[in-house]
Amino acid sequence: MSLPILRRRKSLAVNSGLAVVLIVAVGFAYESVGTSSSSAASQVRTGTVAKGTVVSTVSASGTLISPSDLALGFVTGGTLRQVYVKVGDKVKTGQVLAKVDDTTQQEALTTAKNSLASAQASRTVLLQGQTSQQKAAAAVQLEQASAQITQAQNNVTFTEKSNANDAANSAAAVKTAQAAVTAAKSALATANATLATDKVSNKNAVTADQTKVDQANQTLTQTSDQLTQAQQQQASTALKDEQALAQAQQQVSSAQLSYKSQVAQQAVSATPPTASQVTQANSQVASAQVQVDSAQRALDGTVLKAPSAGTVMSISTLVGGTVSSGSSSSSSSGSSTGSTGSTGSTGSTGSTGSTGSTGSTGSTGSTGSTGSTGSTGSTGSTGSTGSTGSTGSTGSTGSTSTTSSSGSSSTATVGTVAYVPDSSIAGHTATVTSGDTGFLVLTNITGLQVQASFSEDDTATLKLGQGATVALNALPNTPVNASVSWIASTGTSSSGVVSYTVDLDLKNPPAGLKPGQSGSVSVILKEADNTLYVPSTAVTTAGGVSTVTLVNGSTRTPKVVTVGVVGDTTTEIKSGLSVGDTVALTTATTGSTGFPTGGFPAGGRGGTGGLTGGGLGAGLGGAATTGGKG
């Protein structure tokens, strides 16, 4: 049982002997090369001690973001008619950006002004009593009110016919598309049948048959897509026509109510007014004025202006598409909302009559801001306040809005839009982007930040205010200075790797930067200015002691140094060297003799390094840092 032990000892003895022989042989060879071969010495890589700046950094990839985006929406929704800017344009405060169709709002304002004029005339009649001329004028007003009813009814009839025509056209388009799909399916079935037959009886035709099958499949896909598009267009058209009809019917109701109001006013004007009637007349004029003001705001809301200077970052709807109403917001989140019409104003107190009737619904679906006031109560005891006018009908997108005519600050987003480009409409066509909040997003380019994701270890070294350099891919030769402005307190984990989001403020950014551009970020952790430094590969540190190897011709001399900031590629030398000293670099290269010229710096055969883990090279040279067999 002792035989294996003897063999192991014999083997160990043999290996030890070989190691001694190898060390002696290598030492002899290196002495020969180092003392007699100048070409080997000339191949040692060296660096020179210089004076300058040493910087230690951590790096990560980053993206430009804009923290001050302003999402803009129309106060009054509708069909987008004109866009005066495009993505990338710089705009000034108050500049007109876009307009929606204001036909309905113009009509609503006209109606409101007519109601105001009627209320003022009624008050005048009440106060002065009617002359023959005024009676004639009153009759004309009644005729006009009646004509407005007729006009509104005609508008309903016209809208119904137009809707029927649209429905017929949409149905025809769907039918045509369905027929094309049916034909494509039949052709595919025929091609498959032919292929199956030829695979048995006519194999030479299989390739051609397969081509026909592929073509039939492609045709079926195309016709199916066309059918889907036709069906979507049919639904979109039906929704728009339904809204148009609702608006037209509402105008009829408003005109009828106006006519009845004038009839009642002329009836009471035949008797001398009481103090209560005068008070009521004044209230009606004031209420009509509120309606005019509300209609004017709705009309003004069809024009979108820039609330501040900035750069257009995105536009979400094409000309001819439908945009919902909503106020502007700097928030980047919010639910998609349509525009609920604002509430009609409260009917004035009927001082001598019964409760005023409920104010009618606003005549325009997109704003609902023109609901008329409660009509005058009939003569009798003191009447209570007329109830509040009901809310206007749903805005053009059919969804509910969180804003009213009071202009709240909630964010409105563009909902699902049927994009119907209208080539007959003047103005620029908007560049459509997805996922943005608001019809149009303004950004402040001068306030751009870089957002980067740093590793868990690197984040631990970061502090607010630290300087950094940003190298953008779009501007590789124009580094931008920055500083750390925010460090996330919570990290995110991906595949077991934790990272932290860090924002950096740009200092004096160059022109042409855009959100979304990417690049690299280097945050400066330590910096030493006007100091001695050497390439970091020249320094070897072991046991807390740092050394370099001085090179003077063929002489190599180890030198203990005191280091400071360890930079990305260089290391600060606080003591031990002087400017101009030459030092050996430890990265190994192979000389003509076959020995690593960077692994055997001067030092003769000093040391007793072993065969593994860098022992031989370190033992012979005294400064090798690489592992392996030296």
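The shown structure was predicted, so the numbers you read here are calculated from the model rather than taken from an experiment. (Residues numbered from 1 in each chain as written. Predicted model: local features only at pLDDT ≥ 70, side-chain atom pairs only at ≥ 80, totals over all residues. Heavy atoms only, no water.)

**Let's talk about the overall build of the protein**
In step 1: Broken down by element type, the protein carries eight helices and 23 strands.
In step 2: The proportion of buried residues among the 630 residues of the protein is 37%.
In step 3: Of the contacts made within the protein by residues no fewer than 6 positions apart, 80% connect residues no fewer than 24 positions apart.
In step 4: Accessible surface computed for the protein: about 32,100 Å², of which carbon and sulfur atoms make up 53%. (Helix = DSSP H or I, 4+ residues; strand = E, 2+ residues; numbered from the N terminus. Buried < 20%, exposed > 50% of the residue type's maximum accessible area, 1.4 Å probe, protein only. Contact = heavy atoms within 4.5 Å. Areas by Shrake-Rupley, 256 points an atom, 1.4 Å probe, with all protein chains shown as cover.)

**Quick notes on the nonpolar core**
In step 1: In terms of nonpolar packing, the biggest core is built from 20 residues, with Phe454, Val470, Leu504, Leu506, Val521 and Val523 touching the most fellow members.
In step 2: Every element with two or more residues in this core is listed here: β2 (50-65), β13 (449-455), β14 (467-472), β15 (475-487), β17 (497-507) and β18 (518-535).
In step 3: Contact partners of Leu504, with chain neighbours within four places excluded, come to Gln449, Val450, Ala468, Ala482, Ser483, Val484, Ser485, Val521 and Val523.
In step 4: In terms of nonpolar packing, the next biggest core, distinct from the first, is built from 19 residues, Leu70, Val83, Val91 and Val323 among them. (Core = buried A, V, L, I, M, F, W, Y, C linked by side-chain atoms within 4.5 Å.)

**A word on the pattern of salt bridges**
Where charged atoms of side chains with opposite charge meet at close range, the side chains can pair.
In step 1: Counted by the stated rule, this structure contains two salt bridges.
In step 2: Residues Lys86 and Asp89 are paired through a salt bridge, measuring 3.3 Å at the closest nitrogen-oxygen approach. (Salt bridge = Lys/Arg side-chain N within 4 Å of Asp/Glu carboxyl O.)

**A closer look at the sheet that holds strand β6 (residues 96-100)**
In step 1: If you walk across this open sheet you meet the four strands as β7-β6-β4-β9, and the pairing is antiparallel. The sheet is open, and its two edges are formed by β7 (303-305) and β9 (322-323), each paired on a single side.
In step 2: Taken together, the three bridges between β6 and β7 define a ladder with antiparallel strand orientation. Across the sheet, residue Val96 finds its bridge partner in β7, namely Lys305. (Pairing = 2+ DSSP bridges.)

**Focus: the sheet that holds strand β5 (residues 90-91)**
Two orientations exist for strands paired in a sheet by backbone hydrogen bonds: parallel and antiparallel.
In step 1: Taking strand neighbours across the sheet as the criterion, the four strands line up as β3-β12-β8-β5 in an open arrangement whose pairing is antiparallel. Both edges of this open sheet fall to β3 (70-72) and β5, since each of them pairs with a single strand only.
In step 2: Note that β5 and strand β8 (residues 310-315) share two bridges and pair antiparallel. Bridged to Val91 within β8 is Gly310.

**Overview of the pairing of β14**
In step 1: What you see with β14 is a clean split: Ala468, Val470 and Leu472 sit on the buried side and Gly467, Thr469 and Ala471 on the side with no burial.
In step 2: As paired strands, β14 and β15 are joined by five bridges and run antiparallel to one another. In the sheet register, Gly467 faces β15, and the bridge partner there is Ser483.
In step 3: Counted between consecutive antiparallel strands, the loop separating β14 from β15 contains two residues.
In step 4: As paired strands, β14 and β18 are joined by five bridges and run antiparallel to one another.

**Looking at the environment of Gln120**
In step 1: Considering the arrangement of structural elements, one finds Gln120 in helix α3 (residues 103-128).
In step 2: According to the relative accessible area criterion, Gln120 is partly exposed, its value standing at 33%.
In step 3: For the pair formed by Gln120 and Ala281, sequence separation is 161 residues and the distance between their alpha carbons is 8.1 Å.

**Here's the deal with the environment of Asp581**
In step 1: Positionally, Asp581 belongs in the loop between β22 (570-575) and β23 (582-584).
In step 2: Considered as a pair, Asp581 and Val534 are 47 residues apart in the sequence and their alpha carbons are 9.5 Å apart.
In step 3: Those residues in contact with Asp581, other than ones at most four positions away along the chain, are Gly47, Thr48, Val49 and Leu550.
In step 4: Here Ser578 takes part through its backbone nitrogen, which lies 2.8 Å from a polar atom of the side chain of Asp581. (Polar contact = N/O pair within 3.5 Å; in protein donor to acceptor, adjacent residues only side chain to side chain.)

**Comments concerning the environment of Phe454**
In step 1: The topology assignment puts Phe454 in strand β13.
In step 2: On the basis of relative accessibility, which here comes to 0%, the residue Phe454 falls in the buried class.
In step 3: For the pair formed by Phe454 and Gly491, sequence separation is 37 residues and the distance between their alpha carbons is 9.5 Å.
In step 4: When neighbours within four sequence positions are excluded, Phe454 is seen to be in contact with Val58, Ser59, Ala60, Thr459, Leu462, Val498, Ser499, Tyr500, Val502, Val521 and Val523.

**Comments concerning the confidence of the model for the protein**
In step 1: Per-residue pLDDT for the protein averages 74, and the proportion of residues at 70 or more is 67%.
In step 2: Considering only residues more than four positions removed or in separate chains, one finds that residues 1-41, a stretch of pLDDT under 50, has 22 contacts.
In step 3: Scored below 50 in pLDDT, residues 331-436 makes 287 contacts in the model with residues more than four places away or belonging to other chains. (pLDDT = per-residue confidence, 0-100.)

**Some remarks on unusual backbone geometry**
In step 1: Even without glycine at this site, Ser495 takes up a positive phi of about 55°.
In step 2: Position of Ser495 relative to the elements: it lies in the loop between β16 (492-494) and β17.
In step 3: For Asn508, which is not glycine, the phi dihedral falls at a positive 50°.
In step 4: Take Asn508: it is sitting in the loop between β17 and β18.

**Digging into α3**
In step 1: The first and last C-alpha atoms of α3 sit 37 Å apart over 26 residues, in line with the 38 Å expected at 1.5 Å per residue.
In step 2: Those residues of α3 not exposed but buried are Thr104, Gln105, Ala108, Leu109, Ala112, Leu116, Ser118, Ala119, Ser122, Val125 and Leu126.
In step 3: A positive phi of about 80° marks Gly129, the residue just after α3. (Expected span 1.5 Å × (residues − 1).)

**Considering the side chain of Thr57**
In step 1: Secondary-structure assignment places Thr57 in strand β2.
In step 2: By relative accessible area, which is 19% here, Thr57 ends up buried.
In step 3: If we ignore the near neighbours within four places in the chain, the residues touching Thr57 are Ser522, Val523, Ile524, Leu525 and Asp568.

**Brief notes about the pairing of β18**
In step 1: Bridge count for β2 against β18 is 13 bridges, and the pairing is antiparallel. Of the residues in β18, the one forming a bridge with Thr57 is Ile524.
In step 2: As paired strands, β18 and β22 are joined by four bridges and run antiparallel to one another. The residue bridging Val534 from the neighbouring strand is Thr571, located in β22.

**Focus: the packing of α3 against helix α6 (residues 275-300)**
In step 1: The N-to-C vectors of α3 and α6 enclose an angle of 165°; their axes lie 8 Å apart at closest approach. Between α3 and α6, the angle is such that the two are roughly antiparallel. The two elements α3 and α6 cross, and the hand of that crossing is left-handed.
In step 2: A per-class count over the contact of α3 with α6 returns 15 nonpolar, 10 polar and two charged. (Axes fitted to C-alpha atoms, helices over the stretch in contact; angles between N-to-C directions. Parallel < 35°, antiparallel > 145°, perpendicular 65-115°, else oblique. Left-handed = near helix turned anticlockwise from the far one by under 90°. Nonpolar A, V, L, I, M, F, W, Y, C, P; charged D, E, K, R; others polar.)

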